[in-house]
Amino acid sequence: MTGLSRARVARRIAAGAAYGGGGIGLAGAATVGLLMAEAQLARRRVGNGTTPHVPNADGLYGAAYTVPGEPALRLTMLGDSTAAGQGVRRAGQTPGALLASGVAALAERPVGLSTVAVPGACSDDLDRQVTQALADPSRVPDVCVIMVGANDVTHRMPPTQSVRHLSSAVRRLRTAGAEVVVGTCPDLGTIEPVWQPLRWLARRASRQLAAAQTIGAVEQGGRTVSLGDLLGPEFAANPRELFGPDSYHPSAEGYATAAMAVLPTVCAALGLWPAEEERPDAARREGFLPVARAAAEAASEAGTEVTAAMPAGARGPWALLKRRRRRGVTEAEPEPSAQPS
């Protein structure tokens, strides 16, 4: 599918989400029987995608930076098992811990991490998670990271519904005063035990949803980072390194790769990224595009950020597409022992 075609489909999905339209089919009726048969085979090969332990990474990171009278920054993780860090054994290997320690180091301020993400969650669980994240009006998060979408595809949730739930979550968090960064749907076509034609269909559905998520989130004031290709060639080339023992969830190295892509956007949302990198760089093919075009391009390239940039014009809202330089992320050490403050 070309970028322009993906942009049109993403815009249709986002419009359906905004105006209550029905689902948009991602595969023709003739393929449904084959798709379901392949899905059952893949599910048996992958397993249930669960591990007996999901590390609790909540706590205070960068405590050495504590200054009396200066509160810690607050970071909240929402979404599914990817946001929770399922598939690793230590709290310091989860994306929340990696992001919290990275923000603390750059801001030179402690960061309190709170996780409301739930393994197995679809986008329709975001409303409950947002309510939990905003339960204390005096402790609204400074920034929220949402990683969701994979279960929507595997559970065949209509993409318009998926985007509607995500857009509502972003709107509620932004209205409360939190910055929001969405890691869009990963490329499910990279899961090693998945065969063709399911692999192609999963990749197509994942990228269409990721592009539509970008439109929905950006139009509500959030920023997005594409995880699609990030979980593509790198995972395909190194499946034993970047997938966990269940061949479905990322390993510690996989989560570090994802956190490395998301961290610059989180820091930019908090005003911590170097000012010179906030200007679009033509050499890296950065610039202003209609939001649907930006969303389609981002869905095809890992680590690409999209954020609202201009008022709506003849072709709809505009966005800034950036390809930020990645900086290394290592395991967060030491693991937290105190609750966020």
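The residue count restarts for each chain, going from 1 along the sequence in the order it is written. Reporting of local features is limited, given that this is a predicted model, to residues whose pLDDT is at least 70; pairs of side-chain atoms are given and counted only at 80 or more, and all residues count toward the totals for whole chains, interfaces and linings. Heavy atoms throughout the structure, all of them, feed into the side-chain values; hydrogens and water do not.

Enquirer: Give me the overall build of the protein: which residues, what numbers.
Expert: In terms of helices and strands, the protein carries twelve helices and nine strands. Within the protein, the fraction of its 341 residues that count as buried is 55%. Contact between two residues is taken to exist if any of their heavy atoms lie within 4.5 Å; hydrogens are not considered. Long-range contacts, defined here as pairs at least 24 residues apart, represent 81% of the contacts in the protein between residues at least 6 apart. Only carbon and sulfur atoms are counted for the fraction: they give 54% of the accessible area of the protein, which is about 14,300 Å². In this text, helices come from DSSP runs of H or I with a minimum length of four residues, and strands from runs of E with a minimum of two, each type numbered from the N-terminal end. Classification of residues uses two cut-offs on accessible area relative to the type maximum, computed with a 1.4 Å probe and protein chains only: under 20% is buried, over 50% is exposed, and between them is partly exposed. Only the protein chains shown count as cover for residues, and all accessible areas are computed by the Shrake-Rupley method using a 1.4 Å probe.

Enquirer: Talk me through the side chain of glutamine 213; I want residue IDs and the actual numbers.
Expert: Its place among the elements puts glutamine 213 in helix 8 (residues 198-219). Polar contact is defined as a pair of N or O atoms within 3.5 Å, subject to the rule that within protein one atom must be able to donate a hydrogen and the other to accept it, and that residues adjacent in sequence are counted only when both atoms are side-chain atoms. Reaching out from glutamine 213, the side chain makes a polar contact with the backbone oxygen of valine 148 at a distance of 3.1 Å.

Enquirer: Please set out unusual backbone geometry residue by residue, giving values where relevant.
Expert: One non-glycine residue, arginine 156, lies in the positive phi region at around 60°. Here arginine 156 lies in the loop between helix 6 (150-154) and helix 7 (159-176). A residue is classified by how much of its surface remains accessible, and arginine 156, at 56% relative accessible area, is exposed.

Enquirer: Requested: an account of the confidence of the model for the protein, with residues and values cited.
Expert: Per-residue confidence from the prediction method is given by pLDDT, with values spanning 0 to 100. Here the protein averages 78 in pLDDT, and 68% of its residues register 70 or above. Note that pLDDT drops below 50 for residues 237-245; the model gives that stretch 25 contacts with residues more than four away or on any other chain. Segment residues 337-341: pLDDT under 50, and 17 contacts once partners within four positions in sequence are set aside and those in other chains are kept.

Enquirer: I'd love a proper account of the environment of proline 264, names of residues and values included.
Expert: By secondary structure assignment, the location of proline 264 is in helix 11 (residues 252-269). Residue classification places proline 264 among the buried positions, given a relative accessible area of 4%. In this structure, the C-alpha to C-alpha distance between proline 264 and valine 225, residues 39 residues apart in sequence, is 9.7 Å.

Enquirer: Break down helix 4 (residues 95-107) for me, with residues and values.
Expert: Here the expected span of a helix is defined as 1.5 Å times the quantity of residues minus one. The first and last C-alpha atoms of helix 4 sit 18 Å apart over 13 residues, in line with the 18 Å expected at 1.5 Å per residue. Counting buried positions over the 13 residues of helix 4 gives ten, a clear majority of the element. Along helix 4, the residues classified as buried are Pro95, Gly96, Ala97, Leu98, Leu99, Ala100, Gly102, Val103, Ala104 and Ala107. On its buried face, helix 4 is in contact with strand 1 (59-61), strand 2 (73-79), helix 3 (81-84), strand 3 (111-115), strand 4 (143-147) and helix 11. At the C-terminal side of helix 4, glutamate 108 shows a positive phi close to 55°.

Enquirer: Which residues make up the pairing of strand 4, and what values go with them?
Expert: Along strand 4, five of the five residues are buried, which leaves the element largely enclosed by surrounding structure. Of the two faces of strand 4, the one lined by Val143, Val145 and Met147 and the one lined by Cys144 and Ile146 are each fully buried. Here the rule is simple: two strands pair whenever DSSP picks up at least two bridges between them. In the sheet, strand 2 pairs with strand 4 via five bridges, with the strands oriented parallel. In the sheet register, glycine 79 faces strand 4, and the bridge partner there is methionine 147.

Enquirer: Requested: an account of the pattern of salt bridges, with residues and values cited.
Expert: A pair is scored as a salt bridge if a Lys or Arg side-chain nitrogen falls within 4 Å of a carboxyl oxygen belonging to Asp or Glu. Under the criterion given, the structure shown has 13 salt bridges. One salt bridge in this structure joins glutamate 70 and arginine 109, with 3.1 Å as the shortest N-O distance. In this pair, glutamate 70 sits in the loop between strand 1 and strand 2 while arginine 109 sits in the loop between helix 4 and strand 3, placing the two residues 39 residues apart along the sequence. The partner of glutamate 286 in a salt bridge is arginine 284, and the shortest N-O contact between them spans 3.8 Å. Among the residues examined, glutamate 286 registers a relative accessible area of 9% and is labelled buried. Overlapping salt bridges bring together Arg285, Arg293, Glu297, Glu301 and Arg323 as one network.

Enquirer: Could you give an account of the side chain of threonine 304, naming the residues involved and the relevant values?
Expert: As for its placement among the helices and strands, threonine 304 is situated in strand 8 (residues 304-313). For threonine 304, a relative accessible area of 0% puts it in the buried group. Here glutamate 301 takes part through its backbone oxygen, which lies 2.8 Å from a polar atom of the side chain of threonine 304. In this structure threonine 304 touches Thr224, Val225, Ser226, Ala298, Leu321, Lys322 and Arg323, once residues within four positions along its chain are discounted.

Enquirer: Tell me about the pairing of strand 2, and please be specific about residues and values.
Expert: Strand 2 sits mainly inside the fold: six of its seven residues count as buried. With five bridges joining them, strand 2 and strand 3 adopt parallel strand pairing. Directly across from arginine 74, in strand 3, lies its bridge partner glycine 112.

Enquirer: With reference to specific residues and values, describe the environment of serine 300.
Expert: Relative to the helices and strands, serine 300 is located in the loop between helix 12 (291-299) and strand 8. For serine 300, a relative accessible area of 27% gives the class partly exposed. Through-space distance from the C-alpha of serine 300 to that of serine 226 is 7.8 Å; in sequence the pair is 74 residues apart.

Enquirer: I'd like a description of the nonpolar core, backed by residues and values.
Expert: Residues Leu75, Met77, Leu99, Val145, Val181 and Val262 are the most contacted members of the largest nonpolar core, which totals 34 residues. Counting residues per element, this core draws most heavily on helix 11, at nine residues. Among residues more than four places away in sequence, those in contact with leucine 75 are Gly96, Leu99, Ala100, Val111, Gly112, Leu113, Ser114, Val143 and Val145. To define a nonpolar core, start from buried Ala, Val, Leu, Ile, Met, Phe, Trp, Tyr and Cys residues and group those joined through side-chain atoms within 4.5 Å. By size, the runner-up hydrophobic cluster in this structure holds 23 residues, among which are Val163, Cys185, Leu188 and Leu209.

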